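So you can see what is in the structure, the chains are spelled out below.
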Amino acid sequence: MSKKGDMFYAWTSDAELAKKAECGGAVTSLLKFALEKKMVDGVFAVTKGQDIYDAVPVLITDPKEIDKTAGSLHCGTLLMSKLVKKYLDGASNMKIAMTVKGCDMMGLYELAKRQQINLDNVIMIGVNCGGTVSPVTARKMIADKFGVDPDTVHKEEIDKGQFIIEFEGGHKGISMDELEEAGYGRRPNCRRCKLKVPRGADLACGNWGVIGDKAGKATFVEVCSDKGADWFSRAAKAGALATEAPNPKGLEMRQKVE
Ligand code: FAD
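Procedures and definitions
- Residues numbered from 1 in each chain as written.
- Predicted model: local features only at pLDDT ≥ 70, side-chain atom pairs only at ≥ 80, totals over all residues.
- Heavy atoms only, no water.
- Helix = DSSP H or I, 4+ residues; strand = E, 2+ residues; numbered from the N terminus.
- Buried < 20%, exposed > 50% of the residue type's maximum accessible area, 1.4 Å probe, protein only.
- Contact = heavy atoms within 4.5 Å.
- Axes fitted to C-alpha atoms, helices over the stretch in contact; angles between N-to-C directions.
- Parallel < 35°, antiparallel > 145°, perpendicular 65-115°, else oblique.
- Expected span 1.5 Å × (residues − 1).
- Core = buried A, V, L, I, M, F, W, Y, C linked by side-chain atoms within 4.5 Å.
- Near = heavy atom within 4 Å.
- Polar contact = N/O pair within 3.5 Å; in protein donor to acceptor, adjacent residues only side chain to side chain.
- Nonpolar A, V, L, I, M, F, W, Y, C, P; charged D, E, K, R; others polar.
- Arc of directions from axis to C-beta.
- Pairing = 2+ DSSP bridges.
- Salt bridge = Lys/Arg side-chain N within 4 Å of Asp/Glu carboxyl O.

Peer 1: Looking at this structure, I do not really get the environment of Gly-42. What am I missing?
Peer 2: Positionally, Gly-42 belongs in strand 2 (residues 42-48). The buried category is assigned to Gly-42, whose relative accessible area is 0%. C-alpha separation for the pair Gly-42 and Lys-140, spaced 98 residues apart in sequence, amounts to 36 Å. Not counting residues up to four positions away in its chain, the partners in contact with Gly-42 are Leu-35, Leu-59, Ile-60, Thr-61, Met-94, Lys-95, Ile-96 and Ala-97.

Peer 1: Can you walk me through the packing of helix 2 (residues 26-36) against helix 8 (residues 226-237) in this structure?
Peer 2: Think of two packed helices as two axes; the pair is described by the angle between the axes and how far apart they sit. Interaxial distance between helix 2 and helix 8 falls to 10 Å at its minimum, and their mutual angle equals 90°. In terms of orientation, helix 2 and helix 8 fall into the roughly perpendicular class. Contacts between helix 2 and helix 8 involve Leu-30, Leu-31, Phe-33 and Ala-34 on the former and, on the latter, Trp-231, Phe-232, Arg-234 and Ala-235.

Peer 1: How do you make sense of helix 4 (residues 102-113) when you look at a structure like this?
Peer 2: Owing to its 3.6 residues per turn, the α-helix aligns residues three or four sequence positions apart on the same side. In this model, helix 4 (12 residues) spans 17 Å end to end at C-alpha, consistent with the 16 Å of a helix rising 1.5 Å per residue. For helix 4, the set of buried residues is Gly-102, Asp-104, Met-105, Gly-107, Leu-108, Leu-111 and Ala-112. Of the surrounding elements, those touching the buried residues of helix 4 are helix 3 (80-87), strand 4 (96-100) and strand 5 (122-127). Where helix 4 terminates, the next one or two residues include Gln-115, which has phi positive at roughly 60°.

Peer 1: Just checking my understanding: could you explain the nonpolar core for this structure?
Peer 2: Most often, soluble globular proteins keep nonpolar side chains buried together rather than apart. If you look at the biggest cluster of nonpolar residues, it comprises 29 residues, and the most contacted ones within it are Leu-30, Ala-97, Ile-125, Leu-203, Trp-231 and Phe-232. Element by element, the count of residues in this core is highest for helix 2, at 7 residues. Of all hydrophobic cores here, the second largest spans 22 residues; its members include Ala-55, Val-84, Ala-91 and Met-105.

Peer 1: When you look at unusual backbone geometry in this model, what are you seeing that I'm missing?
Peer 2: Most peptide bonds take the trans configuration, and most residues that are not glycine carry a negative phi. Positive phi values are uncommon outside glycine, yet Ala-91 reaches one of about 60°. In this fold, Ala-91 is placed in the loop between helix 3 and strand 4. Here Ala-91 falls in the buried class, since its relative accessible area comes to 0%. In the Ramachandran plot, Gln-115 falls in the positive-phi region, its phi being about 60° despite a non-glycine side chain. Overall, Gln-115 belongs to the exposed group, its relative accessible area being 71%.

Peer 1: What is the right way to read the site of the ligand from this model?
Peer 2: Surveying the vicinity of the ligand reveals 29 residues, the closest of which are Gly-25, Thr-28, Gly-71, Ser-72 and Asn-128. Take Gly-71: an N or O atom from its main chain is 2.7 Å from an oxygen atom of the ligand. A distance of 2.8 Å separates an oxygen atom of the ligand from a polar atom in the backbone of Asn-207. Where the shell around the ligand is concerned, the elements lending two or more residues are helix 2 and strand 2. No other element matches helix 2, which puts 4 residues into the shell around the ligand. For the shell around the ligand, a count of residues per class yields 12 nonpolar, 15 polar and 2 charged.

Peer 1: What is the right way to read helix 3 from this model?
Peer 2: Listed in full, the buried residues belonging to helix 3 are Met-80, Ser-81, Leu-83 and Val-84. Considered in projection along helix 3, the buried side chains sweep an arc of 165° and stay on one side of the axis. Against strand 2, strand 3 (55-60), strand 4 and helix 4 lie the buried residues of helix 3. Phi turns positive, to about 50°, at Asp-89, one or two residues after helix 3.

Peer 1: Mind showing me how you'd approach the sheet that holds strand 3 here?
Peer 2: Two strands in a sheet stick together by hydrogen bonds in their backbones, pointing the same way (parallel) or opposite ways (antiparallel). Spatial ordering of the open sheet is given by 3-2-4-5-9-10-1-11, a layout of 8 strands whose pairing is mixed. Each edge of the open sheet is held by one strand with a lone partner, namely strand 3 and strand 11 (241-244). Taking the axes of each pair of neighbouring strands and ignoring which way they run, one obtains an average angle of 30° across the sheet. In this structure, strand 2 lies alongside strand 4, joined through 3 bridges in parallel fashion. By the bridge assignment, Gly-42 is partnered in strand 4 with Ile-96.

Peer 1: Where do I start with the pattern of salt bridges in this structure?
Peer 2: Opposite charge on two side chains permits pairing when their charged atoms draw close. Going through the model one piece at a time under the given rule, you end up with 23 salt bridges. Two residues, Asp-14 and Lys-32, come together in a salt bridge whose shortest N-O distance is 3.6 Å. With Asp-14 in the loop between strand 1 (7-12) and helix 1 (15-20) and Lys-32 in helix 2, this residue pair connects regions lying 18 residues apart in the sequence. Lys-32 sits in the buried class, given a relative accessible area of 17%. Several salt bridges converge on common partners, so that one network encompasses Asp-14, Lys-20, Lys-32 and Asp-67.

Now the structure itself:
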């Protein structure tokens, strides 16, 4: 059992999903569990389109399709809340589980205040977010600063203050400070955003704080509501997720970096 305020390292028990997920795959496992157990009618998340610069929002109703939403797209500047209002009738007729960055979560609350989204029908799994890079800026930055053809990049990540790319023939990282001083890097709105851990969601997940042998292989999960506690506990009990207590040093580091 878990309760609001609890924190865990968690990872998926699905080996195939683990290969596709950003770190532990806990987010995708929880979304799949919610759909399989009919806690929700659909999952609203993001998938890769043509390339890493093309983040596509998707509504998924078949649990078999969920795995394609695994992974983090840092060039995904989508505002998910607006899309729920515009294209999903504000969740008035269907229950959805959705992945949210801090801005998506704030947007959902603002629209709910204005009766444009029904939050009773939404469960939110938050991802910590240090910021997104506009796809146009990213392509230019990769060409100009990395000296790499943006079309050859198949993976990007932001880790320990660096923007890192993997491309045909190698990988390369440059510090975000250096990129931003040169006029590239994260969007200005993201740079001034103070909401890095979305505790207004039901669960807040990220990689900050995962250290030791679990680094890169587990998701750090903070339980932020009773709904989130129930969701997480049920998924762990059913074996969709494995969990362990976070390393105390990792907790300290997460707090510091936040
Ligand atoms: P997975 O199982 O791989 O699931 C990832 C989920 O994120 C999927 O549901 C996917 O659809 C969704 N997603 C992918 N891209 C986007 C997007 N652009 N907008 C909304 N949803 C998206 N963690 C930190 O601790 N520190 C950070 O600084 C940090 N920055 C991040 C920045 C961005 C833009 C994103 C998307 C995530 C960031 N994270 C950060 C979270 C981290 O990358 C992982 O998503 C998190 O640890 C969960 O890992 P997982 O393996 O369980 O996720």
